[in-house]
Amino acid sequence: MLKVKVEDIELEGSLSVKFKDKITELDGCNIEADVKFKNMGEFIQALGHIKGKIVLECDRCLNKFDYDLDIDIDETYAKKSLYEDYSQELELSSGQFITDLNGEDEIDVYDLLYQSVILALPNKRVCGINCNEGLFVSDEDMEVHDERMDVFKNIQIKGKG
Ligand SMILES: [Zn+2]
């Protein structure tokens with residue numbers, strides 16, 4: 001667990017945190033991150049950068065591959081609960097969120113990094129531009145019954161006769 005105290009950020013005006021470790025919840029995820037927490041009165045702004053790697057599984061060939069992470073962090077925390085009628089995260093503009101600390105006196109930096117990595121992962125995971133049909137074709141894939149092919153076969157047979 002890596003946490004910063006809201007009190008310390010207020011005292012110093014800003015606080016920089018460096019992180020170089022694994023995100024154990026994510027397969028093969030190893031990152032280096034730099035986050036600066038800045039006191040903004042009612043808010044705390046977190047600006048930073050994550051660089052690293054994560055192991056993903058290709059949607060097509062199911063091979064595991066390294067995916068490079070290069071993520072900007074831009075997160076705002078509300079010290080007091082401002083949006084009680086809304087959900088925990090209120091979207092201000094694309095990519096910018098306000099996270100309600102709900103009176104918590106600490107910010108969970110590890111969780112911030114974890115969430116940032118999750119959000120940055122692609123929906124479509126493909127190991128590379130050369131992966132089209134996949135190197136791994138299972139027997140099941142080969143046995144897929146395609147009716148259009150049956151029609152084609154019939155025409156050929158008739159043509160021969
Ligand atoms: Zn692939």
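Values in this document were obtained by computation on a predicted structure and should not be read as measured data.

## Things to note about the overall build of the chain
At step 1: In terms of helices and strands, the chain carries 4 helices and 8 strands.
At step 2: When the helices and strands of the chain are listed from N to C terminus, the series reads β-α-β-β-β-β-β-β-β-α-α-α.
At step 3: Counting only residues that meet the buried cut, the chain has 27% of its 161 residues in that class.
At step 4: Counting contacts in the chain only where the partners sit at least 6 residues apart, residues at least 24 apart contribute 54% of the total.
At step 5: A total of about 11500 Å² of accessible surface is found on the chain, and carbon and sulfur atoms cover 48% of it.

## A closer look at the pairing of strand S4 (residues 43-57)
At step 1: The pairing of strand S3 (residues 30-40) with S4 spans 11 bridges and is antiparallel. Within S4, the position partnered with Asn30 by the bridge is Lys53.
At step 2: The turn joining S3 and S4, which pair antiparallel and follow one another in sequence, is formed by 2 residues; a positive phi near 80° is taken by Gly41.
At step 3: Pairing analysis gives 15 bridges linking S4 to strand S5 (residues 64-78), with the strands arranged antiparallel. Bridged to Ala46 within S5 is Glu75.
At step 4: Between S4 and S5, which pair antiparallel and follow one another directly, the connecting turn spans 6 residues, one of which, Leu62, has a positive phi of 65°.

## As for the coordination of the zinc ion
Around a metal, the ideal angle is 109.5 degrees if four donors adopt a tetrahedral arrangement and 90 or 180 degrees if six donors adopt an octahedral arrangement.
At step 1: On the protein side, the zinc ion has Cys58 (SG), Cys61 (SG), Cys127 (SG) and Cys131 (SG) as donor atoms, found 2.3 to 2.4 Å from it.
At step 2: For the zinc ion, the 4 donor atoms are set out with angles of 105 to 114° between them, so the coordination reads as tetrahedral.
At step 3: Within one chain, the residues serving as donors to the zinc ion are arranged as C-x2-C-x65-C-x3-C. Here the residue Cys61 occupies a position in the loop between S4 and S5, and Cys131 occupies one in the loop between helix H2 (109-120) and helix H3 (139-142), the gap between them amounting to 70 residues. Cys131 carries the same exposure label as Cys61, and that label is buried.

## A few points about the packing of aromatic side chains
At step 1: Using the criterion set out here, one finds 1 aromatic pair in the structure.
At step 2: With centroids separated by 6.0 Å and ring planes inclined at 70°, the aromatic side chains of Phe19 and Tyr110 adopt a geometry described as edge-to-face. Here Phe19, found in strand S2 (residues 14-22), pairs with Tyr110, found in helix H2; they are 91 residues apart in sequence, far enough to count as distant.
At step 3: Residue classification places Tyr110 among the buried residues on the basis of a relative accessible area of 12%.

Reading the values: rules and limits
- Residues numbered from 1 in each chain as written.
- Predicted model: local features only at pLDDT ≥ 70, side-chain atom pairs only at ≥ 80, totals over all residues.
- Heavy atoms only, no water.
- Helix = DSSP H or I, 4+ residues; strand = E, 2+ residues; numbered from the N terminus.
- Buried < 20%, exposed > 50% of the residue type's maximum accessible area, 1.4 Å probe, protein only.
- Contact = heavy atoms within 4.5 Å.
- Areas by Shrake-Rupley, 256 points an atom, 1.4 Å probe, with all protein chains shown as cover.
- Pairing = 2+ DSSP bridges.
- Donors = N, O, S within 2.8 Å, 3.2 Å for Na, K, Ca; no water.
- Tetrahedral: all angles 85-135°; square planar, octahedral: opposite > 155°, others 65-115°.
- Phe/Tyr/Trp six-rings, centres within 6.5 Å; stacked < 30°, edge-to-face > 60°.

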